[in-house]
Amino acid sequence: MPGKRPAPEPPEPLAPLIDAHTHLDACGAEDAESVAAMVDRAAAVGVGRVVTIADDLDAARFAVTAAHWDPRVYAAVALHPTRANALDDATRAELEKLAADERVVAVGETGLDYYWPGKLDGCAAVEDQVEGFRWHIDLAKRLDKPLMIHNREADHDVLAVLLDEGAPETVIFHCFSSDANMAQACVAEGYVLSFSGTVSFKNAHELRDAATLVPDEQILVETDAPFLTPHPFRGAPNEPYCLPYTVRALAGLRGQDPTDLAAITTANAERIYRLPR
Ligand SMILES: [Zn+2]
Ligand SMILES: [Zn+2]
């Protein structure tokens with residue numbers, strides 16, 4: 001869990017980078033000042049912009065506010081699949097309004113999480129998750145914004161619901177954690193795969209294989225901070241400034257120059273999220 005080990009030392013700078021999926025609030029940012037300080041730490045090592053993601057309604061309000069405080073911050077809003085049971089009419093109405101904000105660049109994270117039901121008190125049941133996922137897919141299409149997927153142990157059903165509902169033009173699998181078969185299926189559908197610190201874990205053999213077969217145009221990089229701190233800092237608190245560790249590990253797997261991979265993923269993030277260059 002975050003917080004048990006000291007914060008990782010800052011990596012050698014690697015620029016330009018965009019953290020495609022992070023949670024500034026869960027990292028401890030509370031106000032304009034602490035958001036700016038967190039992005040300053042990231043910018044000092046080349047991570048000039050971040051997309052902060054909401055997983056409940058409070059986090060959605062915070063993400064949109066943070067994106068208005070700091071021009072280097074963009075937002076994505078949704079109810080996390082494990083919270084899909086909170087998607088009542090009032091919540092839908094407020095999420096719709098938040099998602100339409102000009103600083104919101106994606107609808108997410110939504111999708112399916114088959115790991116937590118039965119283990120976590122209050123976790124949404126699978127039926128509620130599917131219903132919530134369908135609603136977010138429709139919202140992304142109506143707003144013409146990318147859909148950001150959270151998929152945990154639900155490869156088959158995530159693809160099936162997307163196919164059945166009709167996928168939005170842009171679909172991003174955040175923290176892609178599946179194997180080469182799933183990566184191939186996603187690539188064939190034109191989906192985007194975003195890789196986090198887990199690709200730097202030496203025992204993640206299937207994921208590391210998957211990372212090698214994603215075309216340059218379909219790849220993003222993210223921290224998912226404060227979780228999933230890259231090797232060799234596993235267990236320490238993660239923050240957007242740690243992204244260069246992951247990009248260097250991913251570049252090594254793919255046989256690419258880290259500077260080239262940084263430029264490729266930044267151009268992709270600008271195109272996918274429609275950010276100014
Ligand atoms: Zn997630
Ligand atoms: Zn996340």
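Note: the structure precedes this text.
Calculation criteria
Residues numbered from 1 in each chain as written. Chains lettered and ligands numbered in written order. Predicted model: local features only at pLDDT ≥ 70, side-chain atom pairs only at ≥ 80, totals over all residues. Heavy atoms only, no water. Salt bridge = Lys/Arg side-chain N within 4 Å of Asp/Glu carboxyl O. Helix = DSSP H or I, 4+ residues; strand = E, 2+ residues; numbered from the N terminus. Buried < 20%, exposed > 50% of the residue type's maximum accessible area, 1.4 Å probe, protein only. Pairing = 2+ DSSP bridges. Axes fitted to C-alpha atoms, helices over the stretch in contact; angles between N-to-C directions. Donors = N, O, S within 2.8 Å, 3.2 Å for Na, K, Ca; no water. Tetrahedral: all angles 85-135°; square planar, octahedral: opposite > 155°, others 65-115°.

In this structure the tally under the stated criterion is 15 salt bridges. Among the ionic pairs, Glu239 bridges to Arg41, the shortest N-O distance being 2.9 Å. Here Arg41 lies in helix 1 (residues 32-43) and Glu239 lies in the loop between strand 8 (219-221) and helix 8 (243-254), a separation of 198 residues in the sequence. Assessed through its relative accessible area of 12%, Glu239 is described here as buried. A salt bridge links Arg254 to Asp216; the nearest nitrogen and oxygen atoms lie 2.8 Å apart. Here Arg254, found in helix 8, pairs with Asp216, found in the loop between helix 7 (205-212) and strand 8; they are 38 residues apart in sequence, far enough to count as distant. Look at Asp216 and you get partly exposed, because its relative accessible area is 30%. Sharing partners across several salt bridges, the network here consists of Asp40, Asp70 and Arg72.

Judged by pairing direction, the sheet is parallel, and its eight strands sit side by side in the order 1-2-3-4-5-6-7-8 without closing on themselves. With one partner strand each, in any of the chains shown, strand 1 (17-22) and strand 8 form the two edges of the open sheet. If you compare each strand with its neighbour and ignore which way they point, the axes differ by 25 degrees on average. One ladder, built from three bridges, connects strand 5 (residues 147-152) with strand 6 (residues 171-173); its direction is parallel. Looking at the pairing, Ile149 lines up with Phe173 of strand 6.

Under perfect tetrahedral coordination by four donors, a metal shows angles of 109.5 degrees; under perfect octahedral coordination by six donors, it shows angles of 90 or 180 degrees. For the zinc ion (ligand 2), every protein donor is listed as His21 (NE2), His23 (NE2), Glu109 (OE) and Asp224 (OD), and the spread of their distances is 2.1 to 2.3 Å. The coordination sphere of the zinc ion (ligand 2) comprises four donor atoms, whose angles at the metal cover 90 to 178 degrees; the geometry is irregular. In the primary sequence, the donor residues of the zinc ion (ligand 2) line up as H-x1-H-x85-E-x114-D. Metal-to-metal, the separation of the zinc ion (ligand 2) and the zinc ion (ligand 1) is 3.6 Å; Glu109 coordinates the two. Remark: Glu109 occurs in strand 4 (residues 104-113) and His23 occurs in the loop between strand 1 and helix 1; sequence separation between them is 86 residues. On the accessibility criterion, His23 (4% relative accessible area) is buried.

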